[in-house]
Amino acid sequence: MDFSDKLKKHLLFCSLFLQFASGFYLPGSFPHKYNVGDQLSVKVNSLTSIDTELPYEYYSLPFCKPLEGVKDSAENLGELLMGDRIENSPYRFKMHVNESELFLCQTNALSADESKILKERIDEMYQVNLNLDNLPAIRYMNKDGFFLRWTGYPVGIKVKDVYYVFNHLKFTVLVHKHEKSPTMPGVIGAGDGVELITTEDKSVTDAPGYIVVGFEVVPCSFQHNIDLLKNLKPYDKYTAKINCEPATVAAVVQEGKPLVFSYEVNFAESDIKWPSRWDAYLKMEGAKVHWFSILNSMMVITFLAGIVLIIFLRTIRRDLARYEEIDKEAQAQINEELSGWKLVVGEVFRIPENSGLLSMMVADGCRILGMAIVTILFAALGFMSPASRGTLITGMLMFYVFLGIIAGYVAVWLMKTLNAGNTNGWLSVSWRVSCFFPGIAFLILTVLNFLLWGSQSTGAIPFTTYIVLLMLWFCISVPLTLIGGFIGTKAPHLDYPCRTNQIPREIPSNRFPTWVLVIGAGTLPFGTLFIELFFIMSSIWLGRVYYVFGFLLVVLILLVVVCAEVSLVLTYMHLCMEDWRWWWKSFFASGSVAIYIFFYSVNYLIFDLKSLSGPVSAMLYLGYSLIMALAVMLATGAIGFLTSLFFVHRLFSSVKID
């Protein structure tokens with residue numbers, strides 16, 4: 001490669017960097033310029049409904065099909081797991097060319113099954129999802145004085161026991177004139193074949209071009225005249241005027257009668273620039289309440305946790321100071337007057353029951369927590385924007401797989417610590433932690449997938465995707481977990497500062513079960529995230545776009561701090577009550593927040609998803625909610641346990657041992 005080629009590539013890199021910096025484009029995305037008359041292709045996604053949460057293929061209904069046949073668009077792993085099925089559609093536009101009364105197709109006479117399925121989809125309020133240049137079709141409407149926005153449009157409507165289909169679509173495409181800096185060279189090609197085009201090339205700079213910044217749709221039900229359809233081919237002009245009035249319906253769904261589809265398109269120039277074209281989709285109702293409630297929760301919880309922490313530290317420092325001041329002869333007498341945490345010095349490091357299971361749960365919790373932090377951080381930086389469908393789920397899965405090395409390391413290190421440096425069985429521990437949570441999640445997903453297969457829903461995970469998931473699990477996650485476990489055998493473990501008695505000390509009886517405190521402690525972490533949880537649930541189940549990942553990152557950090565503080569306080573309280581069985585209780589003191597999250601999910605199902613119908617839909621909702629609750633329990637439990645472990649180790653390392 002000579003000097004000129006290197007210079008070209010250097011200039012190319014600089015131009016791409018300047019383009020990104022000046023336009024504030026999301027990483028990995030760029031505007032697509034269309035010249036006047038260029039063909040625009042509309043794509044369709046799966047039919048979706050809030051009523052059932054079961055997506056179905058668009059062409060499972062008697063709709064028009066493309067002349068070139070139905071073709072699947074490239075889908076990433078996240079789109080497949082979310083049930084998205086992107087396919088081409090028969091709708092065709094020409095850039096900046098307004099067209100009206102375009103005949104699309106006339107279906108065959110509806111059979112009994114087709115008529116029945118279409119009516120069922122109308123009853124279940126299924127929506128048709130279209131997108132143009134990666135922008136979903138958006139629909140605006142006024143209802144009861146409120147201005148509402150929806151993505152997609154309904155299949156049809158039922159009026160007085162009569163079913164009508166929306167068979168005429170009025171599209172509005174908002175475009176913005178392509179803006180190009182006169183000092184920036186153009187870029188053509190990719191890889192080694194890239195070339196720079198200077199502004200002296202008039203054929204490039206002077207060509208008019210537009211970028212798509214908005215895509216709106218208005219559905220109508222119009223009764224076409226069958227006699228006027230004779231000899232009409234797709235995309236021919238319908239000879240009569242079509243008045244698109246959303247408030248009136250006319251196209252009846254009737255067995256033995258065909259359906260006629262048509263559309264019109266209008267292009268309008270807009271001041272919206274390409275980096276801002278997603279603003280219409282990211283507007284969430286109640287945004288002020290969203291920000292104010294979360295900020296208020298953060299301030300209150302931080303204030304309360306700070307007070308508890310200050311009192312907590314003062315108490316410990318006072319106890320330590322008094323223990324250091326007395327001599328050995330007076331320690332036995334002073335122990336009766338002070339808090340009882342020093343009385344369990346010979347029991348506090350006794351190996352807990354089911355220590356192997358505890359190691360696995362803490363290790364997998366660390367992996368889930370790491371995955372959450374990295375995923376939210378990348379999303380906050382714009383690498384996983386709503387414009388890139390499926391990237392969030394794909395990123396979460398990839399980060400979880402590659403962070404298996406952390407899970408293996410933590411599991412073996414913790415096992416080594418619990419067994420006073422013994423590393424026998426590290427391979428078994430690493431193998432089990434690599435299969436623990438993935439195995440539970442895979443089992444639940446398989447059961448749910450059988451339900452989706454039985455319902456013939458596109459939400460079912462394809463068999464090939466199952467193979468990909470298994471390969472990611474056993475070919476990447478498991479080896480990385482084993483490598484992490486091997487590294488954990490070489491890492492130094494925590495040496496216990498005191499010996500463990502051969503005979504366990506009797507635990508004094510309490511007025512009420514200590515597990516009540518453990519379960520009740522989960523209310524404080526839940527208070528930090530329940531507002532954010534509402535918006536996340538609305539995004540998942542009500543089709544809203546969630547985008548405030550920066551705020552979510554702050555809430556996650558706050559949650560980590562609160563979980564650590566809650567577990568510390570509960571562990572100290574148990575030690576003061578001479579209850580030396582703190583291991584599992586420290587895990588569930590913060591991990592119990594998952595109980596409240598699952599109950600909140602059930603409450604959300606009953607009161608916010610009232611329209612959710614059918615046992616399959618309810619099973620899907622509860623199944624996914626269970627996976628989410630388990631993941632939160634492991635992550636928050638790992639925070640609480642590790643914090644308590646280091647605290648207890650530090651506490652008993654700071655006192656004089658008799």
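Residues numbered from 1 in each chain as written. Predicted model: local features only at pLDDT ≥ 70, side-chain atom pairs only at ≥ 80, totals over all residues. Heavy atoms only, no water.

The protein appears in an unreviewed UniProt entry as Transmembrane 9 superfamily member from Capsicum annuum.

Participant: Please give an account of the overall build of the protein that cites residues and values.
Facilitator: When you go through the protein residue by residue, the secondary structure sums to 18 helices and 17 strands. When the 658 residues of the protein are sorted by exposure, 48% land in the buried category. Excluding contacts between residues fewer than 6 apart, the proportion of contacts in the protein whose partners are at least 24 apart in sequence is 83%. Surface summary for the protein: the accessible area is close to 32,700 Å², and the carbon and sulfur share equals 63%. (Helix = DSSP H or I, 4+ residues; strand = E, 2+ residues; numbered from the N terminus. Buried < 20%, exposed > 50% of the residue type's maximum accessible area, 1.4 Å probe, protein only. Contact = heavy atoms within 4.5 Å. Areas by Shrake-Rupley, 256 points an atom, 1.4 Å probe, with all protein chains shown as cover.)

Participant: Give me the lowdown on helix α12 (residues 463-490), citing residues and values where you can.
Facilitator: Taking 1.5 Å of rise per residue, 28 residues should cover 40 Å, and α12 covers 40 Å from first to last C-alpha, within 8% of that figure. In α12, a bend of some 30° at Ser477 exceeds every other bend along the element, and Pro479, a proline, comes one to four places later. Along α12, the positions that sit buried rather than exposed are Thr465, Tyr466, Leu469, Leu472, Trp473, Ser477, Val478, Thr481, Gly484, Gly485, Gly488 and Thr489. The inward-facing, buried residues of α12 abut α2 (77-82), α8 (355-380), α9 (391-402), α10 (404-418) and α11 (426-454). (Expected span 1.5 Å × (residues − 1). Bend = angle between axes of the 7 residues up to and from the residue.)

Participant: So what about the pairing of strand β12 (residues 162-165)? Which residues, and what values?
Facilitator: Relative to β12, strand β11 (residues 156-159) is paired through 4 bridges, and the arrangement is antiparallel. Of the residues in β12, the one forming a bridge with Gly156 is Val165. (Pairing = 2+ DSSP bridges.)

Participant: Which residues make up empty space enclosed by the protein, and what values go with them?
Facilitator: Tallying each qualifying case throughout the model produces 3 cavities of 30 Å³ or more. Of the volumes computed, that of the largest cavity is approximately 40 Å³. Forming the walls of the largest cavity are Tyr58, Phe63, Cys64, Tyr91, Leu104, Tyr153, Phe166 and Phe261. Residues that form the lining of the largest cavity fall into these classes: 8 nonpolar, no polar and no charged. (1 Å grid on protein atoms, 1.4 Å probe; cavity = no way out; pocket = protein on both sides within 12 Å on 5 of 7 lines; lining within 4 Å. Points joined across faces, edges and corners; volume = space filled by probe spheres on them. Nonpolar A, V, L, I, M, F, W, Y, C, P; charged D, E, K, R; others polar.)

Participant: Just give me the short version of the state of the cysteines, but keep the residues and values in it.
Facilitator: Throughout the structure, instances matching the rule amount to 2 disulfides. Here Cys64 is linked by a disulfide to Cys105, with a sulfur-sulfur distance of 1.8 Å. With the S-S bond torsion at -85°, the cross-link from Cys64 to Cys105 turns out left-handed. Of the two residues, Cys64 is situated in the loop between β2 (39-44) and α2 and Cys105 in strand β4 (residues 99-106); the sequence distance between them amounts to 41 residues. One disulfide in the model links Cys220 with Cys244; its S-S distance is 1.7 Å. The disulfide joining Cys220 to Cys244 has a torsion of about 75° about its S-S bond and is therefore right-handed. Of this pair, Cys220 sits in strand β16 (residues 209-220) while Cys244 sits in the loop between β16 and β17 (260-269), placing them 24 residues apart in sequence. Listing the disulfide partners of the protein by sequence rank of the bonded cysteines yields 1-2, 3-4. (Disulfide = S-S within 2.5 Å.)

Participant: For a nonpolar patch on the surface, give the residues involved together with the corresponding values.
Facilitator: On the surface, Trp431, Phe463, Ile467, Leu470, Met471 and Phe474 cluster together into a nonpolar patch covering about 590 Å² of accessible area. Sort the elements by how many residues they give to the nonpolar patch and α12 lands first, with 5 residues. With respect to the secondary-structure elements, Phe474 resides in helix α12. (Patch = residues over 30% accessible without salt bridge, like charges linked within 9 Å, V, L, I, M, F, W, Y side chains within 5 Å. Salt bridge = Lys/Arg side-chain N within 4 Å of Asp/Glu carboxyl O.)

Participant: Let's hear about the sheet that holds β2: which residues, and what values?
Facilitator: Strand order across the open sheet formed by 4 strands is β3-β2-β6-β7, with antiparallel pairing between neighbours. At either margin of the open sheet sits one strand with a lone partner, and together these are β3 (87-94) and β7 (135-136). Relative to β7, strand β6 (residues 130-132) is paired through 2 bridges, and the arrangement is antiparallel. From the neighbouring strand, Asn131 faces β7, where its bridge partner is Pro136.

Participant: Residue-level account of the packing of α9 against α12, with values.
Facilitator: The N-to-C vectors of α9 and α12 enclose an angle of 35°; their axes lie 8 Å apart at closest approach. In contact with Leu397, Met398, Val401 and Phe402 of α9, α12 contributes Leu469, Leu472, Ile476, Ser477 and Leu480. Taken together, the residues of the contact of α9 with α12 sort by class into 8 nonpolar, 1 polar and no charged. (Axes fitted to C-alpha atoms, helices over the stretch in contact; angles between N-to-C directions.)

Participant: Tell me about the nonpolar core, and name the residues and values.
Facilitator: A general trend in soluble globular proteins is that nonpolar side chains are found buried together. Grouped together as the largest cluster of nonpolar side chains are 146 residues, with contacts concentrated most on Phe93, Leu130, Phe171, Phe215, Val362 and Phe641. Here the element with the most residues in this core is helix α18 (residues 615-653); it accounts for 17 residues. The residues that make up this core include at least three from each of domain 1 (38-180 + 206-281) and domain 2 (287-654). Core analysis: the next-biggest nonpolar cluster, separate from the first, contains 7 residues, Leu229, Leu232, Ile242 and Val260 among them. (Core = buried A, V, L, I, M, F, W, Y, C linked by side-chain atoms within 4.5 Å. Domains from an automatic or database assignment.)

Participant: Before we move on, can you summarise unusual backbone geometry with the specific residues and values?
Facilitator: We note that Lys160 has phi near 55°; this positive angle belongs to a residue other than glycine. By the secondary structure assignment, Lys160 is in the loop between β11 and β12. Assessed through its relative accessible area of 77%, Lys160 is described here as exposed. For Tyr235, which is not glycine, the phi dihedral falls at a positive 80°. With respect to the helices and strands, the residue Tyr235 is situated in the loop between β16 and β17. We classify Tyr235 as partly exposed; its relative accessible area is 27%.

Participant: Any details on the pairing of β3? Residues and values, ideally.
Facilitator: Burial of β3 is extensive: 7 of the 8 residues sit out of reach of the surface. Direction of pairing for β2 relative to β3: antiparallel, over a ladder of 5 bridges. Residue pairing in the sheet places Leu40 in a bridge with Phe93 of β3.

Participant: Tell me about the confidence of the model for the protein, and name the residues and values.
Facilitator: Looking at the protein as a whole, the pLDDT averages 81, with 80% of positions reaching at least 70. Throughout residues 6-28 the model reports pLDDT below 50, and contacts reaching past four residues in sequence, or to other chains, amount to 31 contacts. Note that pLDDT drops below 50 for residues 181-205; the model gives that stretch 32 contacts with residues more than four away or on any other chain. (pLDDT = per-residue confidence, 0-100.)

Participant: Summarise the side chain of Asp84; cite the residues concerned and give the values.
Facilitator: Considering the arrangement of structural elements, one finds Asp84 in the loop between α2 and β3. Apart from residues lying up to four places away in sequence, Asp84 is in contact with Asn45, Ser46, Glu75, Glu79 and Arg389.

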